[in-house]
Amino acid sequence: KYIFFFQKKQRTSRTMESFKIYFGANSDNIRRVSLPKDNYSEVIKQLHALYSGDDNLYHGELRIQYVDNEGDKITVSSQGEWEEMTEAAGSARPIKLWIVEGMNPSGYFKDGPAPEPLGLIVDGQTNVPITGQVADSVSIVVDCLSHLFPGGKILPYHLPTWLKESGAISLRPVPNAQQPTEDFIVDLHKLAFAMGREALLRIRPESTPDQLNEAKVFLETVLSIKPEDTISYYNLACTHALLGNSDVAIQFLEKAHDKGYDDVQHMQNDSDLDSLREKQEYKDLIKKMTGQVVDSLVEQFPKLVVAAEEQKEVKVEQPVVVDVVEVQPVVVVEEQKKEEVVEQKEQTPYSEMIPFLVVLGVPEHEAVELLIKHTGSVEMAADEYYSTK
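This structure is a prediction, so every number in the text was calculated from the model and none was measured.

**Quick notes on the pattern of salt bridges**
A side chain with one charge may pair with a side chain of the opposite charge, provided their charged atoms come close.
Line of reasoning, step 1. Summed over the entire model, instances satisfying the criterion amount to 8 salt bridges.
Line of reasoning, step 2. The residue R202 makes a salt bridge to E214 at a minimum N-O spacing of 2.9 Å. A residue pair is termed long-range when its members are at least 10 positions apart, and R202 in helix 5 (residues 188-202) and E214 in helix 6 (residues 209-225) qualify at 12 residues.
Line of reasoning, step 3. Judged by relative accessible area, which is 23%, E214 ranks as partly exposed.
Line of reasoning, step 4. Each member of the salt-bridge network shares a partner with another, and the members are E17, K37 and R93.

Put into structure tokens, the structure is as follows:
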């Protein structure tokens, strides 16, 4: 994965616990099952599957409760509350749960009409009409949100934990409505961020096809909101590569590059793309991107490129060990500069110059030495060298 504003998390092993589930306050419908100790969202999925043969008895607007050590029934509706419950249970097994009616059993959202997009909020102005390309984006967002809920019906008070914590959704009760009604307000930029992050957590070589397909839906939704998001194109390429869709994966890599993606070194090291390595289209894209990296380096640091070529011609039997601390700055004396004004070009950070030199064929340890030789300071390498051009 190419990480932009997201952070990969290590996959943790899932710990299962034994539960005894009582369906209804006074019911003989009792089940004893194993459920994840540390994943509330997965618990909800398994409850839907557990009761799928009982006329789909379980739905997201029912309440899950347990009895604490003071004898009170406590409702669980989030990841944090689930973890608190398993911790409060101590060593007692099985943990007892009750599934009871929701707060308003006469008016569940699952039984209401499908959500209806009303309008946009732009610069504080409400109910801006949804038209044109925006209408297509809104339709994609609504479809994606619907897929987060079993049965495809958005339940405003039963959002997945990650979506609730993202701050992308806010609710506003509609006054004087004939039945319980909520305005479901979506911050599209926060939603794009949250879905991109969740997609990234699902894009792994060991992921199941269902997880990868879910990531694909999330990323497609992000692109409907932010069609220029380079990282989402790249991560879609990774998703399709892991799904075995090599041709589609390469198409998304090309789109990512067209939108500005240029980290050829990361792309070559990303294990998610291993299935593409022998594809000619992939090789052509790598060659094209590498050529553009070299062109960029030549344009920004012409003297350094010449030095790099000379460095390659020098044969040394042993690698040169460079002690950065002992290197003394090189003082560069220039002739009097011309008075004409030269437009300042965007500088390439020092951290990016090493890979550029490696692309040119200079071994990494020699690239470090070369930069020090021509700048006199590792810490100020890019600035020092740029100022002596």
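More follows now that the structure is in view.
**Side note on the side chain of Q65**
Line of reasoning, step 1. Topologically, Q65 is positioned in strand 3 (residues 63-67).
Line of reasoning, step 2. When its relative accessible area of 9% is taken as the criterion, Q65 is described as buried.
Line of reasoning, step 3. For Q65, the side chain forms a polar contact with the side chain of T75, separated by 3.1 Å.
Line of reasoning, step 4. If we ignore the near neighbours within four places in the chain, the residues touching Q65 are K73, I74, T75, K96, L97, W98 and V100.

**Observations regarding helix 8 (residues 246-258)**
Residues spaced three or four apart along an α-helix face the same direction, because each turn holds 3.6 residues.
Line of reasoning, step 1. The first and last C-alpha atoms of helix 8 sit 18 Å apart over 13 residues, in line with the 18 Å expected at 1.5 Å per residue.
Line of reasoning, step 2. Those residues of helix 8 not exposed but buried are S246, A249, I250, F252, L253, A256 and H257. Projection of helix 8 onto a plane perpendicular to its axis shows the buried side chains occupying an angular sector of 160 degrees, all on one side. Facing away from the buried side of helix 8 by more than 90 degrees, the exposed set consists of D247 and D258.
Line of reasoning, step 3. Just downstream of helix 8, G260 is the residue with a positive phi angle, here 125 degrees.

**What about the nonpolar core?**
Line of reasoning, step 1. With 45 residues, the main nonpolar core has L163, L253 and M267 as its most contacted residues.
Line of reasoning, step 2. Looking at this core, the elements with two or more residues in it are helix 3 (132-146), helix 4 (161-166), helix 5, helix 6, helix 7 (230-243), helix 8, helix 9 (264-269) and helix 10 (280-300).
Line of reasoning, step 3. Look past the residues within four positions of L253 in its chain and what remains in contact with it is Y234, A237, M267, L273, L276, Y282 and L285.
Line of reasoning, step 4. In terms of nonpolar packing, the next biggest core, distinct from the first, is built from 21 residues, V33, L35, I44 and L97 among them.

**As for the sheet that holds strand 4 (residues 73-76)**
The pairing of strands in a sheet comes from backbone hydrogen bonds and takes either a parallel or an antiparallel form.
Line of reasoning, step 1. Read across the open sheet, the 5 strands follow the order 2-1-5-3-4; overall the sheet is mixed. Each edge of the open sheet is held by one strand with a lone partner, namely strand 2 (30-36) and strand 4. Across the sheet, the mean angle from the axis of one strand to that of its neighbour is 35 degrees, orientation sign disregarded.
Line of reasoning, step 2. Pairing of strand 1 (residues 16-23) with strand 5 (residues 95-100) involves 5 bridges; the strand directions are parallel.

Conventions and cut-offs
- Residues numbered from 1 in each chain as written.
- Predicted model: local features only at pLDDT ≥ 70, side-chain atom pairs only at ≥ 80, totals over all residues.
- Heavy atoms only, no water.
- Salt bridge = Lys/Arg side-chain N within 4 Å of Asp/Glu carboxyl O.
- Helix = DSSP H or I, 4+ residues; strand = E, 2+ residues; numbered from the N terminus.
- Buried < 20%, exposed > 50% of the residue type's maximum accessible area, 1.4 Å probe, protein only.
- Polar contact = N/O pair within 3.5 Å; in protein donor to acceptor, adjacent residues only side chain to side chain.
- Contact = heavy atoms within 4.5 Å.
- Expected span 1.5 Å × (residues − 1).
- Arc of directions from axis to C-beta.
- Core = buried A, V, L, I, M, F, W, Y, C linked by side-chain atoms within 4.5 Å.
- Pairing = 2+ DSSP bridges.
- Axes fitted to C-alpha atoms, helices over the stretch in contact; angles between N-to-C directions.

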